[in-house]
Protein chains: 2
Amino acid sequence: ADEQAMQRARERQAQLTKPTGALGLLEDLSVRLAGVFGTPTPAPRGAAVIVAVGDHGVVAEGVSAYPPEVTPAMVANFLADTPFGPGGAAVNALARTVGARVYVADVGVNATLPDHPALISVKVRRGTRNLRHEPALTRDEVIQAILAGAALAAEAIRNGADLLIPAELGIGNTTPASAVTARLLQREVPGLTGRGTGVDDATLARKQAVIEAALARGGSVPTDPLGVLADLGGLEIACMLGMMLKGAAERRAIILDGFVEGSAALAGMALAPALRDYLFAAGECAEVGHAAQLAHLGLRPMFRLDLRLGEGTGGVLAVPMLMSAAAALREMRTFAEAQVPDRA
Amino acid sequence: ADEQAMQRARERQAQLTKPTGALGLLEDLSVRLAGVFGTPTPAPRGAAVIVAVGDHGVVAEGVSAYPPEVTPAMVANFLADTPFGPGGAAVNALARTVGARVYVADVGVNATLPDHPALISVKVRRGTRNLRHEPALTRDEVIQAILAGAALAAEAIRNGADLLIPAELGIGNTTPASAVTARLLQREVPGLTGRGTGVDDATLARKQAVIEAALARGGSVPTDPLGVLADLGGLEIACMLGMMLKGAAERRAIILDGFVEGSAALAGMALAPALRDYLFAAGECAEVGHAAQLAHLGLRPMFRLDLRLGEGTGGVLAVPMLMSAAAALREMRTFAEAQVPDRA
C-alpha cells in the first residue's frame, strides 16, 4: 500500500470538522483505502461481487444439511428473471440495494449447467475429489482455478469495480474451508469447524471426524499454500484466491466476507503477505472459526449480524460502509475551510 | 406494529432460498419492518436525517472540549456549498453516499443564525438554562420543541422519507443526555457519563459532578418524562422526541443513532411504550451509557464502529442495512418459486 498517501490521509483526518477519532473505525478504513488507491482522497467507483461456484466430493461423507443438487439449482436462482431484476437469491437482493454488480462463475459445479448469457463458465472440473480419502485437487487444477479467478477480477475491474467481493456457493464447502484453515493456522479442528448451513450435532461430529481424517491423510504443509489447497481445498476457494491476488495487484480494495473466503485469504497471506493491505473484513459471521481467521489476518470486522449464508452477502453490506468512509475523508471540509473553531 | 404482517413475514422468511436464520439479524429487522409498514413485503422509499440543533446553558460549567461558538459554525458547515454538493460535515458526506436527505433545524441555537434557504428555524429559545442551577426548560418550551420535531418529521415523510433518523448537534449536549438517562433509568451517573467529543479526565470528573448536582437539585420523576426533559434536558432532545412520536404515529421506521438520541427515546418509551416497535438501533456508539440505553429499549445494534460524533452519522450508515433487510424479504424467491431442493 502507498504509505505516503496513508500519511497524508491521516493528516487530513485530523483536520476535518469533527473531533479526531470521532468516526471510529471509519477513519482507519479511510486511511487504508487511501493506501490502496494511492491518494489521500480515495473515490472508489463501483463494487462487484463475484460468486465462484463449485462442488465437493466430500459431500459423500454426509457433511452438509443440503443435498448437492442445491448447487446447480442455486446457480439458476442467481440468474433467474424476477420482477425486481436478475436473480432471486439473497445476494441479488442485497446487491441491487447497494448498487453492486453480481457475477456468477461456474468453476467446478458437478453438473452440466444450461447455458445462460450471464453465466461465466470457467469450469476446471466437475467437483473436487473426496478429500477424506485423497487430495481434493491436483496442483495444476488449483492453479487453473486461481487463474480463472484472476481473469474474473480483471473483468470486473474493467467494468468499473474498485471494490471487489470474492464470494462463493458450494454445498459442503465449509468442510474444505475448515480443513484448509486448520492446516494453515496449525490449530485444532473443533474450534475451526461450525455448522455451515445448519447441520445437527451428529452431522457436526461426523464433519469434524472427516476433517481430522483428511488432515491425518494429507501431507500438505502450511509453507506451501497451493499444496494445502490441492490437498484439502476447493475450486471456488482457489478461484477466490485468484480474485484476491489480482485485485491486490491491480490496487483495488477486496472486501472479505465469510469463513470460506477467509480460508482463501489465509492461503493468500501465506503466498504474499502484502495481500493483507488490500483486505477489508466485512462482518464477523456466525461460523465458528471466522473470528480466528480475522485475528490471524489482523482485520477488524465492521459489523456482527450473525450472517451464515455465504454468497458474498456480508461483503455487499460492507460496500456502503467503505464508500462512506472514503466519502467522509474526501468530501468533509477542514476546520480551516469551514472556519469552525477547533478545541482549545 | 402490525402483528399479522409480522407473522406473514416470518412465514415468508422461512420459505426463502437460504437456510432459515442464515441472514441473522437482517431477518429479525425485516420482520420488524413488516410490522412497521403493515405488509410482509416492506418497500421503504427514502431516508431522511433531521439534525436538530440546540445550545446548552450548562456549558458555562466547562463540561465540553469545544467552545459553544462551534454550534453556529457547524450549522453553517451543514449548509455550505461544496464541490461535492451541499454540506461539508460528516453527515453530509455519508448521507450523499447512501442517498439520504439532510434537514437542518435550529430549535435552540444561542445565536441569531444568518438566513439560509435550507435552514429550518423552529427556534424555541436561545439555548437552555444552566441545568446545574435551575431547570433547563419550562414544560411549555419542551412541548414547543416536541411539536417542532413532529412537524419536521411530517415534512420529511411528505417528501418521501420512510426511514427517519432523528439527529442532533449541540456543544455540551451529552451532559443533559446523561442527566436525563440517569433520571429515567434511575441509575448511577458514572456508568452513564462519557467523554462526549473527547474531554480529558479532569473535565469528565467535573461533568459527572455537574450532573450529580443537577440530579440532586431537580425534583423531576421518571414517571413524568416531560418533566424530566424540562428539568434536565435540551431543546434538540425534546425535538428528536417529537420526531420519534410523529414517525411512529405515521408508521415509519425510526433509526436510533447515538447516546443523545437514546435519551430522547427513553423519554419516548416512558410516554408511549409502543414507540419501541418503531425504533431500530443503528450502531452501538463509543459513548459510555449507550449500551445501557439500548438494553433498556430492548434493541440490538447493527454494528459497532466506535462512532462518537453525533449528527446522525451512525443512523445514516444503518440505512443500507435496513433497506437490504427489506429487499431480501421482498425480492428473494422462495424454494418453491426457484425449484431449489430444501433440506431433507
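Residues numbered from 1 in each chain as written. Chains lettered and ligands numbered in written order. Predicted model: local features only at pLDDT ≥ 70, side-chain atom pairs only at ≥ 80, totals over all residues. Heavy atoms only, no water.

Looking up chain A in an unreviewed UniProt entry gives the name Nicotinate-nucleotide--dimethylbenzimidazole phosphoribosyltransferase, with the organism given as Deinococcus sonorensis. The Pathway (unreviewed entry) field of the UniProt record for chain A holds the comment "Nucleoside biosynthesis; alpha-ribazole biosynthesis; alpha-ribazole from 5,6-dimethylbenzimidazole: step 1/2." The Catalytic activity (unreviewed entry) comment attached to chain A in UniProt states, word for word, "5,6-dimethylbenzimidazole + nicotinate beta-D-ribonucleotide = alpha-ribazole 5'-phosphate + nicotinate + H(+)". (UniProt positions renumbered as here; feature names shortened; annotations may be inferred.)

So, on to the interface of chain A and chain B. At the interface, 61 residues of chain A touch 61 residues of chain B. Roughly 4900 Å² of surface becomes buried between chain A and chain B when both sides are summed, with 63% attributable to carbon and sulfur atoms. With a closest N to O distance of 3.2 Å, Arg 300 of chain B and Asp 306 of chain A form a salt bridge. Linking chain A to chain B there are 18 residue pairs in polar contact (both at pLDDT 80 or more). Elements that contribute at least two residues to the side of chain A that touches chain B include exactly helix 2 (25-37), helix 3 (70-79), helix 4 (90-98), helix 12 (313-331) and helix 13 (335-338) of chain A. Ranked by residue count, the leading element in the side of chain A that touches chain B is helix 12 of chain A, at ten residues. For the side of chain A that touches chain B, a count of residues per class yields 36 nonpolar, 13 polar and twelve charged. (Contact = heavy atoms within 4.5 Å. Buried area = accessible area lost by both parts, 1.4 Å probe. Salt bridge = Lys/Arg side-chain N within 4 Å of Asp/Glu carboxyl O. Polar contact = N/O pair within 3.5 Å; in protein donor to acceptor, adjacent residues only side chain to side chain. Helix = DSSP H or I, 4+ residues; strand = E, 2+ residues; numbered from the N terminus. Nonpolar A, V, L, I, M, F, W, Y, C, P; charged D, E, K, R; others polar.)

Now for the packing of helix 6 (residues 174-185) of chain A against helix 8 (residues 225-232) of chain A. All names here are of chain A. Relative to each other, helix 6 and helix 8 sit at 145°, their axes nearing to 9 Å. Like other packed secondary-structure pairs, helix 6 and helix 8 cross with a definite hand, here right-handed. Seen from helix 6, the contacting residues are Pro 176, Ala 179, Val 180, Arg 183 and Leu 184; seen from helix 8, they are Pro 225, Val 228, Leu 229, Asp 231 and Leu 232. Its residues placed into classes, the contact of helix 6 with helix 8 shows eight nonpolar, no polar and two charged. (Axes fitted to C-alpha atoms, helices over the stretch in contact; angles between N-to-C directions. Left-handed = near helix turned anticlockwise from the far one by under 90°.)

Here the focus is the environment of Asp 55 of chain B. Residue and element names in this part refer to chain B. Among the secondary structure elements, Asp 55 is positioned in the loop between strand 1 (46-54) and helix 3 (70-79). Judged by its relative accessible area of 5%, Asp 55 falls in the buried class. Taking the C-alpha atoms as reference points, Asp 55 and Asp 106, 51 residues apart in sequence, are found 9.7 Å from one another. A distance of 2.7 Å separates a polar side-chain atom of Asp 55 from the backbone nitrogen of Asn 110. (Buried < 20%, exposed > 50% of the residue type's maximum accessible area, 1.4 Å probe, protein only.)

To continue, consider the UniProt feature "active site" (unreviewed entry) in chain A. Residues and elements named next belong to chain A. Under the UniProt annotation, "active site" (unreviewed entry) lies at Glu 311. By secondary structure assignment, the location of Glu 311 is in the loop between helix 11 (290-297) and helix 12. Not counting chain neighbours up to four residues away, the residues in contact with Glu 311 comprise Val 49, Val 51, Met 74, Phe 78, Ala 89, Ala 90, Val 91, Ala 167 and Glu 168. One polar contact links the side chain of Glu 311 to the main-chain amide nitrogen of Val 91, over a distance of 3.1 Å.

It is worth spelling out the relation of the copies chain A and chain B at this point. With an RMSD of 0.0 Å, the operation that places chain A on chain B is a rotation of 180° combined with a shift of 0.0 Å along the axis. The operation mapping one copy onto its partner corresponds to a two-fold rotation axis. Nearest to the rotation axis, the C-alpha of Phe 303 of chain A is located 2.1 Å from it, this being the minimum over chain A. (Least-squares fit on C-alpha atoms with pLDDT ≥ 70 in both.)

Through backbone hydrogen bonds, the strands of a sheet pair up, either in parallel or in antiparallel fashion. Residue and element names in this part refer to chain A. Taken in spatial order, the six strands make up an open sheet running 5-4-1-6-7-8, and their pairing is parallel. Edge positions in the sheet fall to strand 5 (119-121) and strand 8 (279-281), since each has one partner strand and no second. Going across the sheet, the axis of each strand differs from the next one's by a mean of 30°, ignoring polarity. Each of strand 1 (46-54), strand 4 (100-108), strand 6 (161-169), strand 7 (253-256) and strand 8 touches helix 9 (residues 235-249); the most contacted strand, strand 6, lies at about 170° to it. Across the face of the sheet, helix 10 (residues 259-271) comes into contact with strand 6, strand 7 and strand 8 while running at roughly 110° to strand 6. (Pairing = 2+ DSSP bridges.)

Throughout this description, disulfide means a covalent bond between two cysteine sulfur atoms. This model, assessed by the stated rule, comprises zero disulfides over all chains. Free cysteine Cys 285 of chain A: the closest other cysteine sulfur is in Cys 239 of chain A, separated by 20 Å. (Disulfide = S-S within 2.5 Å.)

Before going further, it helps to examine the pattern of salt bridges. All names here are of chain A. All told, the structure shown has 34 salt bridges over all chains when counted by the stated rule. The partner of Lys 123 in a salt bridge is Asp 106, and the shortest N-O contact between them spans 3.0 Å. Of the two residues, Lys 123 is situated in the loop between strand 5 and helix 5 (139-158) and Asp 106 in strand 4; the sequence distance between them amounts to 17 residues. Looking at Asp 106, the relative accessible area reads 4%, which means it is buried.

Topologically, Ala 90 of chain A is positioned in helix 4. In this structure, the C-alpha to C-alpha distance between Ala 90 of chain A and Gly 312 of chain A, residues 222 residues apart in sequence, is 9.2 Å. Each residue touching Ala 90 of chain A, except ones within four places of it in the same chain, is listed here: Leu 309, Glu 311 and Thr 313 of chain A together with Leu 23 and Met 332 of chain B.

Let us now look at the packing of aromatic side chains. Ring pairs (aromatic) are described by centroid distance and by the angle formed between their planes. Here the structure, examined in full by the defined rule, presents zero aromatic pairs over all chains. Over the ring of Phe 280 of chain A we find Arg 32 of chain A; its NZ or CZ atom is 4.3 Å from the centre of that ring. (Phe/Tyr/Trp six-rings, centres within 6.5 Å; stacked < 30°, edge-to-face > 60°. Lys NZ or Arg CZ within 6 Å of the ring centre and 35° of its normal.)

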